[in-house]
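Observations on the model geometry
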Amino acid sequence: MANRAQIPTSNSALIAMIADEDTVVGFLLAGVGNVDLRRKTNYLIVDSKTTVKQIEDAFKEFTTREDIAVVLISQYVANMIRFLVDSYNKPVPAILEIPSKDHPYDPAHDSILSRVKYLFSTESVASGRR
C-alpha cells in the first residue's frame, strides 16, 4: 500500500475535461472549470476544427499535471486517441470515458471497463469462484 499514488492535499484536486461543447459547458456550470494564473484551463472543447494533435497534447498535459485527479473524456474523443488512452496506466489521474449528447456510450470501446473485466475474471479464476 505504500506504493499508492497520492493525490496532492495542499490544494484541492481538479477534474479535467476533454469533450464536446455541450458536455464541457454542463460541467463548467456545475463548477468544474478552472483557469490558473498562466491562463491554463482544465478543459478542452472538441469541435470540428479541433485537430487530433490538439487532443493528444491536451491529454498529455492533463495526465501529467499534479493538480488533476480525474480526466473525463468523451468516448468518441477517446476513440480518436485510443492508442494514448489504452497505453495510459497510472492510477492518478484516473481516466474516465463518458458519453456525449450525439455519441452514445459503447462499453466495448471503454479501455478502463475492459481492464476491470479482465482483472475480475483473473481474480475469480485464481480464487476458484465464478
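Preceding block: the structure.
First things first, this report covers the structure right here in the doc. (Residues numbered from 1 in each chain as written. Predicted model: local features only at pLDDT ≥ 70, side-chain atom pairs only at ≥ 80, totals over all residues. Heavy atoms only, no water.)

**Quick look at the overall build of the chain**
- Along the chain, the regular secondary structure elements total 5 helices and 4 strands.
- The order of helices and strands in the chain, counted from the N terminus, is β-α-β-α-β-α-α-β-α.
- Residues classed as buried in the chain amount to 32% of the 130 residues present.
- Total accessible area on the chain stands at roughly 8,700 Å², and carbon and sulfur atoms take up 57% of it. (Helix = DSSP H or I, 4+ residues; strand = E, 2+ residues; numbered from the N terminus. Buried < 20%, exposed > 50% of the residue type's maximum accessible area, 1.4 Å probe, protein only. Areas by Shrake-Rupley, 256 points an atom, 1.4 Å probe, with all protein chains shown as cover.)

**Side note on the nonpolar core**
- The biggest cluster of nonpolar side chains holds 20 residues, and the ones touching the most others in it are I18, F59 and I73.
- Among the elements of the structure, β1 (14-19), α2 (52-64), β3 (68-74), α3 (75-80) and α4 (82-87) are those that each provide at least two residues to this core.
- The element best represented in this core is α2, accounting for 4 residues.
- Sequence-distant contacts of I18, defined by excluding residues within four places in its chain, comprise L44, V46, I55, A58, F59, F62, V71, L72, I73, S74 and V77.
- Residues M17, V24, L72 and I98 belong to the second largest nonpolar core, which totals 6 residues. (Core = buried A, V, L, I, M, F, W, Y, C linked by side-chain atoms within 4.5 Å. Contact = heavy atoms within 4.5 Å.)

**A closer look at the sheet that holds strand β4 (residues 94-98)**
- The sheet built from 4 strands is open, its strands ordered β2-β1-β3-β4 with parallel pairing. One side of each edge strand has no neighbouring strand; the edge strands of this open sheet are β2 (43-45) and β4. Across the sheet, the mean angle separating the axes of adjacent strands is 20° when strand polarity is ignored.
- Bridge analysis of β3 against β4 gives 5 bridges, and the strand direction is parallel. Its bridge partner being in β4, S74 is matched across the sheet by I98.
- The sheet strands contacting helix α1 (residues 21-29) are β1, β2, β3 and β4, and the helix crosses β1 at an angle near 160°. (Pairing = 2+ DSSP bridges. Axes fitted to C-alpha atoms, helices over the stretch in contact; angles between N-to-C directions.)

**Some remarks on the pattern of salt bridges**
- Counted according to the given criterion, the structure contains 8 salt bridges.
- A salt bridge links R38 to D36, with the shortest nitrogen-to-oxygen separation between them at 3.3 Å.
- A relative accessible area of 66% places R38 in the exposed class.
- The residue E61 makes a salt bridge to K40 at a minimum N-O spacing of 3.8 Å. Within this pair, whereas E61 is found in helix α2, its partner K40 is found in the loop between α1 and β2, the two being separated by 21 residues in sequence.
- The network of salt bridges with shared partners includes K40, E61, R65 and D67. (Salt bridge = Lys/Arg side-chain N within 4 Å of Asp/Glu carboxyl O.)

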